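Descriptive structure summary
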Amino acid sequence: MPTITHREYREEDGVEDMTQLEEMHEEGVLLNLRRRFDRQLIYTYIGSILVSVNPYKMYNIYGTDVVLLYKGRALGEHPPHLFAIANAAYSKMMDAKQNQVIIISGESGSGKTEATKLVLRYLAAIHHKSNPMQQILEAAPLLESFGNAKTVRNDNSSRFGKYIEVYLEDGVISGAITSQYLLEKSRIVFQAKDERNYHIFYEMLAGLPSQQKQGFYLQDAETYYYLNQGGDCLIRGKSDADDFRRLLSAMEILHFTPEDQSAIFRVLSSILHLGNVYFQRHE
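Please read these numbers as outputs of a predicted model, since none were measured by experiment.

1. Regarding the UniProt feature "binding site: ATP" (unreviewed entry) in the protein
Under the present numbering, the feature "binding site: ATP" (unreviewed entry) in UniProt falls on Gly106, Glu107, Ser108, Gly109, Ser110, Gly111, Lys112 and Thr113. Within the annotated group just given, the residues that line the largest cavity are Thr113. Structurally, the position occupied by Ser108 is in the loop between helix 3 (82-96) and helix 4 (112-126). Setting aside its immediate chain neighbours within four residues, Ser108 contacts Thr151, Arg153, Asn154 and Ser157.

2. Some words on the packing of helix 3 against helix 4
Following both chains from N to C, one finds helix 3 and helix 4 inclined at 60°, their axes separated by 9 Å at the closest point. Taken together, the axis directions place helix 3 and helix 4 in an arrangement best described as oblique. Like other packed secondary-structure pairs, helix 3 and helix 4 cross with a definite hand, here right-handed. In contact with Leu82, Phe83, Ala86, Asn87 and Tyr90 of helix 3, helix 4 contributes Ala115, Leu118, Val119, Tyr122, Leu123 and Ile126. The residue inventory of the contact of helix 3 with helix 4, partitioned by class, reads ten nonpolar, one polar and no charged.

3. Let's talk about helix 4
With 15 residues, helix 4 should cover 21 Å at 1.5 Å per step; its first-to-last C-alpha distance of 22 Å lies within 8% of that length. Counted residue by residue, helix 4 has eleven buried out of 15 residues, so it is predominantly covered. Burial in helix 4 covers these residues: Thr113, Ala115, Thr116, Lys117, Leu118, Val119, Leu120, Tyr122, Leu123, Ala124 and Ile126.

4. Quick look at the pattern of salt bridges
Counted under the stated rule, the structure contains 17 salt bridges. Put simply, Glu184 and Arg159 hold a salt bridge, and the shortest N to O gap is 2.7 Å. With Glu184 in the loop between strand 6 (172-181) and helix 6 (199-207) and Arg159 in the loop between strand 4 (157-158) and strand 5 (161-169), this pair connects stretches of sequence that are 25 residues apart. Taking relative accessible area as the criterion, Glu184 reaches 24% and is therefore assigned partly exposed. Looking at Arg159, the relative accessible area reads 22%, which means it is partly exposed. The shortest N-O distance in the salt bridge between Asp194 and Lys193 comes to 3.5 Å.

5. Thoughts on the pairing of strand 2 (residues 49-52)
The side chains of a regular strand alternate, first on one face of the sheet and then on the other. Pairing between strand 1 (residues 43-46) and strand 2: four bridges, direction antiparallel. Along strand 2, the bridge assignment pairs Ile46 with Ile49.

Criteria and cut-off values
Residues numbered from 1 in each chain as written. Predicted model: local features only at pLDDT ≥ 70, side-chain atom pairs only at ≥ 80, totals over all residues. Heavy atoms only, no water. UniProt positions renumbered as here; feature names shortened; annotations may be inferred. 1 Å grid on protein atoms, 1.4 Å probe; cavity = no way out; pocket = protein on both sides within 12 Å on 5 of 7 lines; lining within 4 Å. Helix = DSSP H or I, 4+ residues; strand = E, 2+ residues; numbered from the N terminus. Contact = heavy atoms within 4.5 Å. Axes fitted to C-alpha atoms, helices over the stretch in contact; angles between N-to-C directions. Parallel < 35°, antiparallel > 145°, perpendicular 65-115°, else oblique. Left-handed = near helix turned anticlockwise from the far one by under 90°. Nonpolar A, V, L, I, M, F, W, Y, C, P; charged D, E, K, R; others polar. Expected span 1.5 Å × (residues − 1). Buried < 20%, exposed > 50% of the residue type's maximum accessible area, 1.4 Å probe, protein only. Salt bridge = Lys/Arg side-chain N within 4 Å of Asp/Glu carboxyl O. Pairing = 2+ DSSP bridges.

In C-alpha cells form, the structure reads like this:
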C-alpha cells in the first residue's frame, strides 16, 4: 500500500489514491480520473496499483530529474508515477532478494507498449553504466516493427503478447530474455478496412536504398495485395523511412550481420511477391 506522507494536495487535482475516495463506485472513480486527466495528471493509484490514462502524446515527466526524484522513495511519497512502480519493484527485489513482477495490462491503445519501454528506461537510468541495458532497449524498435501494426483503434497496436525477464547481478542489469506469444499471423495475408499489415513491410519499402529495392524487385506499398487491402498505406505522423533507419541501428547494436539483415529483407520481399500470385482455373 502507498505510504501517505504530508504533501500539499489541491482539490482540483482530484484524489491521488482512489482508495481514499469518500464514495467508492464507478462514477466516482471515472470522475476522479477525468478530473486528473484534465489537469494533465495521467497517473492515479488504487492502493499499490497504478492506473494510467493514455494522453496520446508525450509529457515531459520522464527525464533524469524525475528518475532521481523517485529513486529509493516509498510508494506514495511523491505523486503517482510509473517510475514509482518500477522503483518499488526494484527496491523490493533488492531488500527481500526475491524476484518481482510488473504486470502491464489494458485494452488496445491504452499505452502498454510505451509503459513497458518507460519501465525499462527507468531501470537503465538508475544504472546507466550497464552496457546490456542498451541492447535491451534497442530490442524495442525491432519488436515493434515485426509485431506491431495499425488497427482501427491504435496506430501502433502490438499484435502479440510479450514477457520480458530482466536479470540483475548485484542490482545491475546483466541481461534479459523476451518471450513472445500469440502473434496474429493472419494479419500477414489479410487486413480489415483502415488497417495495415505489420510495420516492417512498409518501413522496408520506404527505407531500403533504391539499388537494394531493385535487387529484391520491390515497388511501392500500394502495389502489393498483402499491403493494400486496408486502403491507405500511410499513417499520419509516422515516417516509415525514419523508423526503418532506427530499425537498422537497432539491428547493428544487436549484432545482426549485413548478411543476416539481407536475408531477412529477402524473406520479407518474397512474402510480398507471393501475395501477388494469382491462380486461375484452366478450362
